[in-house]
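One-letter residues, chain by chain:
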Amino acid sequence: MRGHNYRSLYMHELSIALRAVETIVEDLADHSGSVLSVQIRVGALSGVVPDSLRFAWDVACADTRLSGSVLEIEEVPVRIWCEACQCEHTLPDADFVFRCPRCAASVTEVMAGRELEILSVELTEHESPQAH
Amino acid sequence: MNPPKLIEIRKNILKKNDELAQGLRTRFATHGVFVANFVSSPGTGKTELLKYTMARLTERFAVAAIVGDVETENDAIRLRKSGAPAYQVETHNMCHLESFHIEKAIAAASSQFRVEELDLLIVENVGNLVCTSAFDLGEDLQVVLVSTTEGEDKPLKYPKIFDRSDVCILTKMDLAEALEFDHAQMRASIDAVKPGMPVFEVSAKTGLGMDAWIDYLAGRVEEKQAVETPAWVS
């Protein structure tokens, strides 16, 4: 695994960036061209800090066909479902108190916020030399 | 140059870790092995709690441990004093265990224990409340530990690891009085981030509260053994 070559993985976002790059390289095996950007979805409860992931991205992409690509992160807030009120609420940023803002009941159903997903990549396909 | 084109991927970033973890989970299910993953800050008392837990359970079950640390084999040496085998994983700067660590450790530990013969496999994760929260290890139970010395608002500071864990153990309860530890406030903090989470208050030093924890864990191990191997496990 490529991760073993890196001696400083105190930040687990680097592990996560490396796994994302691996997955994308595999998925693009049948496509030519270079990667311009990568779209990723990160939930507020995923345990991943977007800024740290951006910081790790260039290191993770080095010496791969993703080198120089831009990481675009869609941040997903936590959404909870209150059984008592029968309604959905979005928790404010950095507030992970699982209580319904309307009735104050404890809420255990998390509808969104745990995502850690590669959505898509933007690829530039160079024209083949024969076309000229 | 052609215009850029968007290629849909739609894959979980930790797909490989999760697939490997799922493979381990199937393997553990085939052999009726209950797996518990213990996470906490450094110094909360995971090793002390686990040494005590393993010593108590080793008469009833075949128990072994895999312990992750950045460096040194010290914790495995301490855990072996329980009488049960323990295998040390040195992560060399990685701040958490991933499922590949567990797979490699199981293979490498075969001279100490055979995973197929176990009832209970304990995983002591690297001391870290942030990074350990993202990686599935194929466990049945994740236990988060907090000590009385860490402050009653610790769960509020690290909600993600609580969201991911199933059970909380409050350690070093023998110090509670000296520290003027506020039980009600700690319970309220836990309940805010993980409503209904079972909590055990223990001291590995005095044995306080340990019976309830040992009974709970033994019950979970027996529960798994009672489940017949599902038909989809070949």
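Structure: see above.
Analysis parameters
Residues numbered from 1 in each chain as written. Chains lettered and ligands numbered in written order. Predicted model: local features only at pLDDT ≥ 70, side-chain atom pairs only at ≥ 80, totals over all residues. Heavy atoms only, no water. Pairing = 2+ DSSP bridges. Helix = DSSP H or I, 4+ residues; strand = E, 2+ residues; numbered from the N terminus. Axes fitted to C-alpha atoms, helices over the stretch in contact; angles between N-to-C directions. Contact = heavy atoms within 4.5 Å. Left-handed = near helix turned anticlockwise from the far one by under 90°. Nonpolar A, V, L, I, M, F, W, Y, C, P; charged D, E, K, R; others polar. Buried area = accessible area lost by both parts, 1.4 Å probe. Salt bridge = Lys/Arg side-chain N within 4 Å of Asp/Glu carboxyl O. Polar contact = N/O pair within 3.5 Å; in protein donor to acceptor, adjacent residues only side chain to side chain. Core = buried A, V, L, I, M, F, W, Y, C linked by side-chain atoms within 4.5 Å. Buried < 20%, exposed > 50% of the residue type's maximum accessible area, 1.4 Å probe, protein only.

Engineer: Would you mind going over the sheet that holds strand β7 (residues 167–171) of chain B in detail, with residue names and values included?
Structural biologist: Strands pair in a sheet through their backbones, by hydrogen bonds, and they do so in one of two ways: parallel or antiparallel. Residues and elements named next belong to chain B. With parallel pairing, seven strands are arranged side by side in an open sheet as β4-β3-β5-β2-β6-β7-β8. Because the sheet does not close on itself, it has two edges, and the strands there are β4 (86–90) and β8 (199–201). Going from strand to strand, the sheet's axes swing by 20° on average, the running direction of each strand aside. Across the sheet, helix α2 (residues 46–57) is in contact with β2 (34–39), β3 (63–69), β5 (120–124), β6 (141–147) and β7; its angle to β5 comes to roughly 170°. Of the strands in this sheet, β6, β7 and β8 touch helix α7 (residues 183–193), which is tilted by about 155° from β8.

Engineer: Account for the packing of α2(B) against helix α8 (residues 210–226) of chain B, with residues named and values stated.
Structural biologist: Residues and elements named next belong to chain B. Direction vectors running N to C along α2 and α8 enclose 65°, while the axes themselves pass 11 Å from each other. Relative to α8, the crossing made by α2 is right-handed. When α2 is examined against α8, the residues Leu49, Tyr52, Thr53, Arg56 and Leu57 are found in contact with a partner set consisting of Met210, Asp211, Trp213, Ile214, Leu217 and Ala218. Of the residues that constitute the contact of α2 with α8, the class distribution is eight nonpolar, one polar and two charged.

Engineer: Before we move on, could you go through the interface of chain A and chain B and cite the residues and values that matter?
Structural biologist: Facing the 47 residues of chain A at the interface are 35 residues of chain B. Buried surface at the junction of chain A and chain B, both sides included, amounts to about 3900 Å², of which 58% is carbon and sulfur. Along the contact surface separating chain A from chain B lie six salt bridges. We note a salt bridge from Lys11(B) to Asp27(A), for which the minimum N-O separation is 2.5 Å. Linking chain A with chain B are 14 residue pairs in polar contact (both at pLDDT 80 or more), by the criterion used here. Breaking the side of chain A that touches chain B down by element, the ones donating at least two residues are α1 (12–27), β1 (34–43) and β6 (116–124) of chain A. When its residues are assigned to classes, the side of chain A that touches chain B shows 21 nonpolar, 14 polar and twelve charged.

Engineer: Describe the nonpolar core, and please don't skip the residues or the numbers.
Structural biologist: Core analysis: the biggest nonpolar cluster contains 31 residues, and Ile16(A), Val38(A), Ile40(A), Leu53(A) and Trp57(A) have the highest contact counts within it. At the level of elements, α1, β1, α2 (50–61), β2 (70–76) and β6 of chain A together with β1 (5–12) of chain B are the ones that each hand at least two residues to this core. With seven residues, the single largest contributor to this core is α1(A). Once you skip the residues sitting within four places of it in the chain, Trp57(A) turns out to touch Ala17(A), Ala20(A), Val21(A), Ile24(A), Val38(A), Ile40(A), Leu66(A), Ser69(A), Val70(A) and Leu71(A). Ranked by size, the runner-up nonpolar core spans 30 residues in total, among them Phe34(B), Ala65(B), Ala86(B) and Val143(B).

Engineer: Kindly report on the pairing of β2(B), identifying the contributing residues and their values.
Structural biologist: Residue and element names in this part refer to chain B. Among the six residues in β2, six count as buried, and that is most of the element. Alternating positions in β2 separate into two faces, Phe34, Ala36 and Phe38 on one and Val35, Asn37 and Val39 on the other, with burial throughout. Of the pairings in the sheet, the one linking β2 to β5 comprises five bridges and is parallel in character. Following the sheet pairing, Ala36 is matched in β5 by Ile122. Relative to β6, β2 is paired through four bridges, and the arrangement is parallel. Its bridge partner being in β6, Asn37 is matched across the sheet by Gln142.

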